[in-house]
Every structure is written in C-alpha cells, then in structure tokens.
Amino acid sequence: MNCDIERVLYTEKEIREAVKSLGERITCDYAGKAPVLLCILKGSSVFHADLMRAIDLPCEIDFLVAKSYGMSAQSSGKLRILKEPDIDIKNRDIIIVEDILDTAVTLSTLIHTLSLKEPASLKTAVFLDKNLGIKKPVKADYKCFDAENEFLVGYGLDYAERYRNLPYVGVLKKEIYTDN
Ligand code: PRP
C-alpha cells in the first residue's frame, strides 16, 4: 500500500465486482438501445474504462473535461468546462460517468448544461457517492458505493493530480493535504 494512504476503503476485488454488477444493470436497463457513456475527465477515466467493458451493448463513448477543484482539497464551487463532447447529444441516450459525487457542483451543472442539448435521456452513473450530511441537488441514477466524508484517492481520484493510478480507493493521510 502507498505510504500516504491511511487505510484502504474499497479493494480492487470489491471494485471489480461492483463495476461488473453495475454494468449488468445498465445492460438490462438499456436493452435495445445504444447509449453514449460520457466520461467526465480526468477523475472518471478509470471507472469509465472498466464500466464500458462491463456493458454488453453497442454503446459509444465520449469525453468531457471539467474542473472544479484545481490543486485544492476543496471545491471552488464553480465548474469550468474545458472540453465539450464531440458527438451530437440531441436525441441520444446519454449516461454521464462520474467518479465521485461530492458537493454535486459538477454533476448538477453538467445535467443542466447537457439537458439543454435535448438528449433522448440523460442519466448518471457514479462510482462513489460521498455522504456529506447535507441534501444534494442531484441523486445518482446508478452508483457503485457510498462513502463517508473522508479524503479519498485512487481508482482515478486524485489529490493535486497524484494517486489516480492506485488500483484501490484509499483514505489519504491528513498530513498530506493539510499544513498542520
Ligand atoms: C472531481 C471529480 C468529480 C468532481 C466531484 O473533479 O473527478 O468530477 O470533482 O466533485 P463535486 O461533486 O464536488 O463537484 P475535479 O474538478 O477535481 O477534476 P478531475 O476530474 O480532473 O480530478
């Protein structure tokens, strides 16, 4: 285990099983359709790559680059969209693939923005839903795991762009992201 990690929250095996089972659910729910799996970069890159291979449908993939955290451990509260999807979203079944639902600034902004492009349907698949003890403006349609309000890294999740390549989800040691 990486020495900056306090403990592992979800192991590689647990993640593999959860993503497989989510893929099977989506395969059933979208039978006869060709959904677009829209990856929200960078954090969702690992989840997106695994989820698409767990879905047995003629789906398409696309990418949107958005940022709300920058190098900080806290959300800026504002979302910057750095790259729009390439495909025409109108009349398509879109599944937004998101690594973590934290403050929900990212997902609520994207749902609003993408809805304006008139997709046939718009749903969300979230790897981790963090419990902040507050009511969030959006609820994930699909999710793999719930998590408590701790600083999580790995499986695509970063702190200051590091730790995305850890194959598990871990709790980052406090001294790594605080000055004290
Ligand atoms: C992170 C994460 C989600 C978003 C969730 O992205 O990947 O997209 O924050 O947080 P929220 O629910 O509070 O909006 P970030 O802006 O750090 O960019 P990244 O994906 O490149 O890490």
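About the criteria used
Residues numbered from 1 in each chain as written. Predicted model: local features only at pLDDT ≥ 70, side-chain atom pairs only at ≥ 80, totals over all residues. Heavy atoms only, no water. Near = heavy atom within 4 Å. Polar contact = N/O pair within 3.5 Å; in protein donor to acceptor, adjacent residues only side chain to side chain. Areas by Shrake-Rupley, 256 points an atom, 1.4 Å probe, with all protein chains shown as cover. Helix = DSSP H or I, 4+ residues; strand = E, 2+ residues; numbered from the N terminus. Nonpolar A, V, L, I, M, F, W, Y, C, P; charged D, E, K, R; others polar. Pairing = 2+ DSSP bridges. Buried < 20%, exposed > 50% of the residue type's maximum accessible area, 1.4 Å probe, protein only.

*Asks:* So what's going on with the site of the ligand? Which residues, and what values?
*Replies:* Close contacts around the ligand come from 18 residues, with Lys 67, Ser 68, Tyr 69, Thr 103 and Thr 106 the closest. In the environment of the ligand, an oxygen atom lies 2.4 Å from a nitrogen or oxygen atom belonging to the side chain of Thr 103. Here an oxygen atom of the ligand sits 2.7 Å away from a polar atom, N or O, in the main chain of Ala 104. Alone, the ligand offers 500 Å² of accessible surface; in the complex the protein occludes 95% of this. Breaking the shell around the ligand down by element, the ones donating at least two residues are strand E3 (60-67), strand E5 (93-101) and helix H3 (105-115). Looking at which element gives the most residues to the shell around the ligand, the answer is E5, with four residues. Of the residues assigned to the shell around the ligand, the class counts are seven nonpolar, four polar and seven charged.

*Asks:* Which residues make up the sheet that holds strand E1 (residues 5-10), and what are the values?
*Replies:* Taken together, three strands build an open sheet; the order of strands is E1-E9-E8 and the sheet is antiparallel. One side of each edge strand has no neighbouring strand; the edge strands of this open sheet are E1 and strand E8 (152-153). For E1 and strand E9 (residues 169-172), the ladder comprises four bridges, and the chain directions are antiparallel. Among the inter-strand pairings, Val 8 is bridged to a residue of E9, identified as Gly 170.

*Asks:* I'd love a proper account of unusual backbone geometry, names of residues and values included.
*Replies:* Looking along the chain, the bond that leaves Leu 41 and enters Lys 42 is cis, with omega of 5 degrees. Within the secondary structure, Lys 42 is located in the loop between strand E2 (36-41) and helix H2 (45-53). Phi at Tyr 155 takes a positive value of approximately 50 degrees, unusual for a residue other than glycine. Relative to the elements of secondary structure, Tyr 155 occurs in the loop between E8 and E9. Look at Tyr 155 and you get buried, because its relative accessible area is 4%. The backbone of Tyr 163 sits at a positive phi, close to 80 degrees, despite the residue not being glycine. Mapped onto the fold, Tyr 163 is located in the loop between E8 and E9. Take Tyr 163: its relative accessible area is 12%, and that puts it in the buried class.

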